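Listed here are the chains, written in short residue letters.
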Amino acid sequence: MFDDFKIYDDCEPAGLELPTIQLEPDLLSDLELTKECGSKEVLSALSEKGFKDRGISDLPNKEEYRDRLEYELNTFEELGFTDYILLNWEVIGRARESGYPVGDGRGSGAGSLVLFLLGVTNQDPIEHNLFFERFVSKNRAKKITDKHGKEFLVGSLAPDVDSDISHDTRGKVVEFIEKKHKGRTSKILTFNTFSSKLCIKEAAKYFYSIEEEEATKISDMIPKEHGIVMSLKRAREESEPFDNWCSDHPKAIQAALKIEGLNKNTGVHPSGIAICSQAIDNVVPLQRTKDGDLVSGYDMNDVADLMVKFDILGLRTLSIADRTCKKIGISFDDIDPNDPFIYQVLQDFNHPCGLFQISADTNFEVARKVKPMNLQELSDVVALARPAALQFVGDYVQQKHIPEKLGYNEQLDEILASSKNVMLYQEQTMKACHEVFGMSLDDAETLRRDIGKKKVEEIPKWQNRIFEAAEKNGISEEAAQYFWDVVEAGASYQFNLSHSICYGALAAKTVWLKYKYPQEFFTSILEISEFEQDPLEVVSEVNRELPSFNIKLLPPNLEQSSINFTIEDGNIRYGLKSIKGVSDNTKKALEEFVTLQPRNKYDVFAYAKQCGINIGVLSSLIYAGALGNDNRAKKALEAQAYNKLTEAQQRNLYKLGEKYKYDLLFSIKDAVERETKGDNNRVIMSQKNFDNFKKKFEPYKELYILNREQGRLSLWWFEKELLGYSFSFDLIDCFNQSGDLITVEEFKKETPDSWRMVCQVDDFFIKISQNGNRYMRMSLSDDSAKVDMIFCDSAREEKLTNFLNEHKIDKKDIVVIQGSGKWISRINPIDAKVYTKTRQLKG
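Turning to its location among the elements, Thr324 is positioned in helix H13 (residues 316-328). Here Thr324 falls in the buried class, since its relative accessible area comes to 0%. Every residue in contact with Thr324, bar those within four places of it in the chain, is listed here: Leu513, Glu520, Phe521 and Ser524.

Put into structure tokens, the structure is as follows:
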């Protein structure tokens with residue numbers, strides 16, 4: 001076979017070759033440059049412009065900035081990175097020029113003064129003591145020369161600027177790149193792997209013929225940790241029900257373990273864009289997505305070795321902020337993240353929804369404990385609220401209130417002072433290495449990389465160097481030992497200060513917007529909730545907080561609602577397209593439907609069909625209250641009946657509408673009994689036709705009767721399922737006949753000695769404690785708040801075991817729980833069942 005192939009040299013470039021930047025003549029003129037000027041002169045001129053625009057020329061320490069600028073420019077030129085910096089400026093600059101919201105920075109790029117002066121990042125690296133060497137290191141950068149003498153960069157060692165663009169406008173930025181570098185750019189391939197959930201779900205279906213719905217319930221037994229789904233092995237250790245299921249179904253778990261983590265299929269990197277110095281199909285194989293987009297045949301690691309890999313993330317927070325700012329008429333960049341108002345709010349705040357980096361449960365709790373007083377402390381919250389760093393929260397808070405120096409070394413104490421004696425950041429490690437132990441900044445960056453990447457074979461060498469440097473510089477052995485212990489352990493928890501400061505600033509701005517302009521902020525969150533993984537959960541979270549801001553979420557209404565959420569007086573009106581079941585494909589039909597203005601119930605049925613709105617969407621609109629609140633279940637039943645009629649039957653019964661007060665079911669019954677005639681003097685519906693109709697209609701009638709028996713609960717359930725919240729009743733209203741139930745919010749504010757609550761089960765898992773007792777951790781919620789609680793066995797009682805022997809619990813179940821303090825002592829499942837689909841009636 002190999003005789004048919006020729007041997008080729010130079011199949012691909014030896015390394016990374018940067019694209020050439022072509023600047024517009026007008027820009028060169030503005031910078032007082034000619035077209036003969038090279039990239040170095042252009043970057044220098046742009047930096048000088050930024051020096052003036054940022055007001056640095058007026059600062060008392062401007063010489064410090066001047067020295068840093070000269071050092072960075074020389075470093076970029078020496079290492080061959082000048083064109084890469086200009087490439088970033090061209091893209092981000094165009095985004096800002098076009099009015100697209102851009103983040104303050106992400107990753108180590110915020111440590112560069114040049115990028116700050118060019119507007120690629122937006123936090124002053126000198127003010128925040130950010131290290132340029134964290135971004136670019138002479139020790140790290142390398143070049144390759146091919147056999148023709150041409151130089152290339154080693155792509156994996158080149159700097160990497162990551163940028164955030166608003167979710168709404170990222171596509172436009174990508175379009176600009178594709179147009180500017182036509183034929184030289186593509187999206188980047190990723191490999192999707194088999195997750196633990198998918199593995200067990202597919203194995204359960206294959207080996208044991210388990211239905212899709214049941215298989216999904218099995219996969220849902222796998223718990224999450226810090227929002228990440230556990231591996232199969234870990235899930236068996238943490239979840240008793242899952243472990244028991246696996247024991248009973250050995251073939252499924254054995255097969256699932258074999259395929260877990262293997263490549264499943266290819267995908268497209270969510271933020272990566274590749275830009276090549278030449279025609280991209282000369283360098284990498286390409287393929288097309290189903291939408292026709294070009295995608296590299298190599299993944300991002302291989303792409304980075306051959307061409308520029310841009311990482312432009314579409315950030316929903318920026319979209320929320322931009323929409324909020326446009327509603328109130330201000331610029332997002334003008335919000336000062338150091339405004340004292342922000343930190344007054346953070347001293348005692350209870351409403352994290354929509355706040356960047358501090359809305360997740362863990363981050364919220366860290367913020368409440370730390371109570372940040374300034375941007376640096378808010379940055380510390382971002383860094384502390386990660387699994388490995390959470391262990392230091394208590395030490396941090398204690399040190400904040402009762403400061404105490406470590407006393408090993410004065411310079412070391414200064415470095416640790418800003419983060420309350422916790423060496424929280426990689427930059428602190430670098431600074432201690434350089435300023436305390438006398439090593440170069442490049443050496444400090446190399447140490448950071450070796451420890452961060454856990455290069456076991458290199459670490460002992462650094463240990464010796466640290467102690468040798470300590471001895472040479474008169475640093476105590478205790479200080480050297482402390483520093484070594486911290487940096488060695490820091491591999492698991494130390495964070496990037498450049499990234500943390502930028503994200504802390506963005507978090508601060510969202511706090512300012514939310515608490516200054518809550519109505520506009522919440523509306524913006526709801527507007528883009530459709531892009532979230534679970535849009536209705538976003539609606540639930542927003543609705544729980546709105547009462548505290550004296551705002552109501554008004555229900556959908558065909559006459560008053562727009563397609564999206566809107567501000568209405570002091571409240572927010574629900575958008576029609578956010579009703580569950582209403583998709584983007586239905587949006588145009590819905591817009592037409594709204595304009596038709598139906599006069600009666602039959603008009604609703606007829607116009608929906610005319611506009612192409614199917615019965616599922618129409619039923620959702622009815623149950624959600626968008627077509628009126630009067631007897632929604634009956635109206636939905638009539639819509640189902642109308643859908644089962646022939647066109648002739650629909651037309652003739654429409655004519656009889658007023659006679660029967662638009663009661664479709666009664667008019668059908670009467671028309672059959674009286675053999676009423678319609679078009680062409682023919683009977684509208686014969687007994688035979690009625691029998692056929694009745695057979696199709698019967699399941700919907702049964703569904704209606706069963707749900708009617710549940711009264712308020714069925715209405716609450718349908719609204720919660722379709723809208724994410726119920727505007728008719730709170731869950732407690734459906735069960736509080738005795739008047740002794742409290743809400744979750746009341747429980748969290750002041751936990752009584754004994755209490756009863758009615759909640760919905762969001763999630764749960766069962767495991768064995770270190771004492772050998774079973775316990776169930778439950779995530780519960782009602783319309784007011786969410787809470788995590790424990791129900792457990794003890795040495796004296798087996799409450800949980802007895803409960804599980806008698807009851808089967810599932811997600812979305814309604815339960816009445818009671819307990820004392822923060823422990824559940826009893827659970828009573830509500831037997832009432834609400835049906836949303838006819839297939840639920842089977843069996």
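So, about the packing of aromatic side chains. All told, the structure shown has 28 aromatic pairs when counted by the stated rule. Ring centres of Phe356 and Tyr503 lie 4.8 Å apart, and the angle between their planes is 70 degrees; on these two criteria the pair is classed as edge-to-face. With a gap of 147 residues between them, Phe356 in the loop between helix H14 (340-345) and helix H15 (361-370) and Tyr503 in helix H23 (residues 497-516) connect regions that are remote in the sequence. The residues Phe356 and Tyr503 share a single accessibility class, namely buried.

The biggest cluster of nonpolar side chains holds 153 residues, and the ones touching the most others in it are Ile579 and Phe593. Sort the elements by how many residues they give to this core and H23 lands first, with 11 residues. Discounting residues that sit within four places of it in the chain, Ile579 has contacts with Pro556, Tyr574, Ser620, Leu621, Ala624, Ala626, Leu722 and Leu723. Membership of the second largest hydrophobic core comes to 53 residues, among which are Phe76, Leu87, Val174 and Ile177.

Scanning the entire structure with this criterion turns up two cavities of 30 Å³ or more. Estimated volume of the largest cavity: approximately 50 Å³. Val102, Gly103, Gly105, Arg106, Gly109, Val120, Thr121, Val161, Asp162, Ser163 and Asp164 are the residues that line the largest cavity. The residue makeup of the lining of the largest cavity, split by class, is three nonpolar, five polar and three charged. Taken as a whole, the second largest cavity spans an internal volume of roughly 40 Å³.

Attention now goes to the side chain of Gln640. Residue placement: Gln640 occurs in helix H29 (residues 632-643). Residue Gln640 is classed as buried on the basis of its relative accessible area of 13%. For Gln640, the contacting residues outside a window of four places in its chain are Ile615, Ser619 and Tyr700.

So, on to the sheet that holds strand E10 (residues 308-315). A sheet is described by the order of its strands in space; here six strands give the open sequence E3-E10-E7-E4-E9-E8, paired in mixed fashion. At either end of the open sheet lies a strand with only one pairing partner, and these are strand E3 (162-166) and strand E8 (286-288). Taking each pair of neighbouring strands and ignoring which way they run, the sheet shows an average axis angle of 50 degrees. Note: E8 against strand E9 (residues 294-299), three bridges, orientation antiparallel. Within the sheet, the bridge partner assigned to Arg288 lies in E9 and is Leu294.

Structurally, the position occupied by Asn338 is in the loop between H13 and H14. Each C-alpha atom of the pair Asn338 and Met373 lies 9.5 Å from the other, and the pair is 35 residues apart in sequence. Ignoring any residue separated from it by four or fewer positions in sequence, one finds Asn338 in contact with Tyr343 and Leu375.

Read from one edge of the open sheet, three strands run E11-E13-E12, paired in mixed fashion. The strands lining the two open edges of the sheet, one partner per strand, are strand E11 (553-554) and strand E12 (566-568).

Inspection of every chain in the model, using the stated rule, returns 53 salt bridges. Here the salt bridges share partners, and the residues they tie into one network are Asp168, Arg323, Lys327 and Glu527.

Quick look at the pairing of strand E17 (residues 814-820) now. Counting buried positions over the seven residues of E17 gives five, a clear majority of the element. Of the strand pairs in this sheet, strand E14 (residues 754-768) and E17 are connected by seven bridges, and their pairing is antiparallel. Residue pairing in the sheet places Trp755 in a bridge with Gly819 of E17. Inspection of the sheet shows E17 paired to strand E18 (residues 823-829) by six bridges, in the antiparallel sense. By the bridge assignment for E18, Ile817 is matched with Ile827. Hairpin remark: E17 followed by E18, antiparallel, with two residues in the connecting loop; positive phi at Gly821, about 60 degrees.

Take the environment of Pro535 next. Within the secondary structure, Pro535 is located in helix H25 (residues 535-545). On the accessibility criterion, Pro535 (28% relative accessible area) is partly exposed. In contact with Pro535, other than residues within four places in its own chain, are Ser529 and Glu530.

The next point concerns the packing of helix H31 (residues 664-674) against helix H32 (residues 687-708). Across the interface, H31 lies against H32 with an axial gap of 10 Å and an inter-helix angle of 150 degrees. Between H31 and H32, the crossing angle belongs to the class labelled roughly antiparallel. Classified by chirality, the crossing of H32 by H31 is left-handed. Every residue of H32 that contacts H31 at Leu665, Ile668 and Val672 is listed here: Gln687, Phe690, Phe693 and Phe697. Taken together, the residues of the contact of H31 with H32 break down into six nonpolar, one polar and no charged.

This paragraph deals with helix H6 (residues 170-180). Of the positions making up H6, those classed as buried are Arg170, Val173, Val174, Phe176 and Ile177. In an axial view of H6, the angular spread of the buried residues amounts to 155 degrees, which keeps them on one side of the axis. Along H6, exposed side chains directed more than 90 degrees from the buried face belong to Glu175 and Lys179. Buried residues belonging to H6 abut helix H4 (82-97), E3, strand E4 (185-193), strand E7 (263-275) and E10.

How each quantity is defined
Residues numbered from 1 in each chain as written. Predicted model: local features only at pLDDT ≥ 70, side-chain atom pairs only at ≥ 80, totals over all residues. Heavy atoms only, no water. Helix = DSSP H or I, 4+ residues; strand = E, 2+ residues; numbered from the N terminus. Buried < 20%, exposed > 50% of the residue type's maximum accessible area, 1.4 Å probe, protein only. Contact = heavy atoms within 4.5 Å. Phe/Tyr/Trp six-rings, centres within 6.5 Å; stacked < 30°, edge-to-face > 60°. Core = buried A, V, L, I, M, F, W, Y, C linked by side-chain atoms within 4.5 Å. 1 Å grid on protein atoms, 1.4 Å probe; cavity = no way out; pocket = protein on both sides within 12 Å on 5 of 7 lines; lining within 4 Å. Points joined across faces, edges and corners; volume = space filled by probe spheres on them. Nonpolar A, V, L, I, M, F, W, Y, C, P; charged D, E, K, R; others polar. Pairing = 2+ DSSP bridges. Axes fitted to C-alpha atoms, helices over the stretch in contact; angles between N-to-C directions. Salt bridge = Lys/Arg side-chain N within 4 Å of Asp/Glu carboxyl O. Parallel < 35°, antiparallel > 145°, perpendicular 65-115°, else oblique. Left-handed = near helix turned anticlockwise from the far one by under 90°. Arc of directions from axis to C-beta.

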